[in-house]
Protein chains: 2
Amino acid sequence: MGQSRAFSRREFARWAASVGVVTEAALAQRSMPGGPPPPDAVMINANENPLGPCAEALEAMAGALKRGGRYSFFEPMELRRLMSEQEGVGLDHVQVFAGSSDPLHRVVLAFCGPGRSYVTADPAYESGDGPAEFRGAAIHRVPLTKEYAHDVREMLKRAGEAAGVFYVCNPNNPTGTLTPREEIEYLVANKPAGSVVLVDEAYIHFSGAQSCVDMVAAGKDVVVLKTFSKIYGMAGLRSGVAMGRPDLLAKIAPYATMFLPCTGLAGAIASLKAKGVVAERRRYLKEVREDVFSWMTGEGYRFVPSVSNKFMVDVGRPGREVMAAMAKEKVYIGRSWPSWPQHVRVSIGTREEMELFKGAFARVMG
Amino acid sequence: MGQSRAFSRREFARWAASVGVVTEAALAQRSMPGGPPPPDAVMINANENPLGPCAEALEAMAGALKRGGRYSFFEPMELRRLMSEQEGVGLDHVQVFAGSSDPLHRVVLAFCGPGRSYVTADPAYESGDGPAEFRGAAIHRVPLTKEYAHDVREMLKRAGEAAGVFYVCNPNNPTGTLTPREEIEYLVANKPAGSVVLVDEAYIHFSGAQSCVDMVAAGKDVVVLKTFSKIYGMAGLRSGVAMGRPDLLAKIAPYATMFLPCTGLAGAIASLKAKGVVAERRRYLKEVREDVFSWMTGEGYRFVPSVSNKFMVDVGRPGREVMAAMAKEKVYIGRSWPSWPQHVRVSIGTREEMELFKGAFARVMG
């Protein structure tokens, strides 16, 4: 019980303040200038799936509501078991959470600190930056390659021996681009001892790319995150998993009681049992995406080709201005990144929604 | 970025391991010997509300499911606003969480540590023990008075000047007994500077007792927890709030992204807007409780009179044996506490369920 294990009240407050930056309110503020959007707005700003939960999940969750007075004691185990079977990793390699943001933060808190840096892409999903800052870890933001992949050689070089976490979102958010499998293998094989590679596969279903879960099964220093927020359309319902060796998962074990929402659990279990959902949704979103890309190419707009449910558009002027102008057209698109200030992120909506996007975008750009 | 603010990987692992003790799996294991109960079992082991969510909440949550593909950006603000209005505290004095366990842990983590002890009752709800142990804080477990109230004078004496958190669950879990308002006022007035009184009002609606939220509004060093798990019957759906001065709430601010489940948010908002739910449910549970107490008194069983949705029964033998024997009768009752090994906790079910309890209990005890 020595002082060494303590963090002071002030430190805790700093931690809370620094890492609380990415809250729902902050995101809403950033993405939705002028408050709540009108009910008929096209919402393609937050990488949500416009199809929502699948029919099987909706039915299961409707049933769960009626039993909502009861704690979900056994459902987390059922979800772990299903993931374990479907992903081919041991049951003790799977932990469930209310989404994948929670374990993302926990991994950074557990493995980063002074002398153990957080190594990420640029542009990348920034959720891990806050916990890295709190832990006093250096943050290395390494620009994507010309092919918009993670530049793993440069990431290794920048980190040197002092790495804590290499964060690889694959496909990347916001660009929707893939990092080749062999590059991730190179990263895992050449990273310094004691560090982990955190592979965020939130969007992998859209791409059809190979998962890195087999690296978890092979006992590598890899943690893979999966979420039900994206292809399964359950962003608001909160369910996700972290997969890793038991000794790695122990380090991100819950500090709290881990009571998880019964609806998210029921929906996740039903989604995994449903047939064809992933393939059907991947096909639909791909068709819509390719149609938008054809249109944009025809109109001469510049964008980064994506295999995910969002893409970056080069608008040739401050992205904020385009976001605001689009919002006036009742089409809410995503934000810019500091290193790419003239790009905006656009999520893929339904076919009908993307027709409205096209019209609004042409008016705003034209 | 000095070493002082860091906690080591090993410390983090110890923290995780120590405070992860109270997980859903551990609770399930403890409360349900022999795995999942049969579908027709009477579940009066976890202080759940057998009535489940109210009709208004069910309807709102059914609607939320369909929008479940969207993140809940604005609902947390709506819930904060409603709580603020109904409880008479400023909007900046209310923070929402996925249940009240999360802020309970955060308060202990933020205010306890070496030289800042965790002071609680015995028996009490033990959820705060884990984070207190992780922080290296002394834990003072102070027996209830003969009237089963918190012994606030003894709590103050035991803590001395080195207190971090005084935890007062009112009415208490597991005894269902109240601590008089003036005793809590005495505690708040006489506690050492820098400490907080954490008033857990999870069960207060059942009792009709006065809330301590007015102490929050008056700027005292008090944090009040409320949950939608109990009177509102939403244990599985995860919604709760912490109320305190903004400077206290800042110390328990989220370290993660605070994406909250849309169902829990929608159900909580609808529950607060619904008329008569609290009064009706309080009356119903009270009628059932008083009927059980009449029967037990008539049969000569000893119990602690409760004003909540659970009560402690003195079974005059190891409580574990009675729990196991009751489970064989398909009636799952709650556990014993180390300091009260011959008592078991029984939650109040429906009238029909408590008839089954009576029959099974008579057979087991008889």
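Residues numbered from 1 in each chain as written. Chains lettered and ligands numbered in written order. Predicted model: local features only at pLDDT ≥ 70, side-chain atom pairs only at ≥ 80, totals over all residues. Heavy atoms only, no water.

*Asks:* Even after reading the chapter, I still don't get the side chain of Arg238 of chain B, so can you show me in this structure?
*Replies:* Residue and element names in this part refer to chain B. Mapped onto the fold, Arg238 is located in the loop between β7 (222-227) and β8 (240-243). Buried within the structure, Arg238 lacks any salt-bridge partner; Asp102 is the closest side chain of opposite charge, at an N-O distance of 8.2 Å. At a separation of 3.4 Å, a polar atom in the side chain of Arg238 contacts the main-chain carbonyl oxygen of Ala98. Separated by 2.9 Å, the side chain of Arg238 and the backbone oxygen of Ala235 make a polar contact. (Helix = DSSP H or I, 4+ residues; strand = E, 2+ residues; numbered from the N terminus. Buried < 20%, exposed > 50% of the residue type's maximum accessible area, 1.4 Å probe, protein only. Lys, Arg positive; Asp, Glu negative; His and termini not counted. Salt bridge = Lys/Arg side-chain N within 4 Å of Asp/Glu carboxyl O. Polar contact = N/O pair within 3.5 Å; in protein donor to acceptor, adjacent residues only side chain to side chain.)

*Asks:* Please clarify how the domain arrangement of chain A should be interpreted in this entry.
*Replies:* A common way to report how large an interface is uses the accessible area buried once the components associate. Residues and elements named next belong to chain A. Here the domain parsing of chain A yields domain 1 (32-47 + 277-365) and domain 2 (55-273). Computed over C-alpha atoms only, the centres of domain 1 and domain 2 are separated by 26 Å. Between domain 1 and domain 2, the residue contacts involve 22 residues of the former and 23 residues of the latter. In this assembly, domain 1 packs against domain 2 so that about 1900 Å² is buried in total across both faces, 59% of it on carbon and sulfur atoms. (Domains from an automatic or database assignment. Contact = heavy atoms within 4.5 Å. Buried area = accessible area lost by both parts, 1.4 Å probe.)

*Asks:* For this particular structure, what's the right way to read the pattern of salt bridges?
*Replies:* Side-chain pairing between opposite charges can occur once the charged atoms of the two side chains come close. Scanning the model with the defined rule gives 44 salt bridges over all chains in all. Taking the shortest distance from any N to any O, the salt bridge between Glu201 of chain A and Lys226 of chain A comes out at 2.9 Å. Taken together, the residues span a long stretch of sequence, with Glu201 of chain A in the loop between β6 (196-200) and α9 (204-207) and Lys226 of chain A in strand β7 (residues 222-227) at a distance of 25 residues. By relative accessible area, which is 1% here, Glu201 of chain A ends up buried. Linking Glu353 of chain A and Arg70 of chain B is a salt bridge whose minimum nitrogen-to-oxygen distance equals 3.9 Å. Taken together, the positions of Glu353 of chain A in helix α15 (residues 351-365) and Arg70 of chain B in the loop between α3 (55-66) and α4 (75-87) put the pair across two chains. Residue Arg70 of chain B is classed as partly exposed on the basis of its relative accessible area, which comes to 23%. Linked through salt bridges whose partners overlap, the residues forming this network are Glu78, Arg81, Glu85 and Lys273 of chain A.

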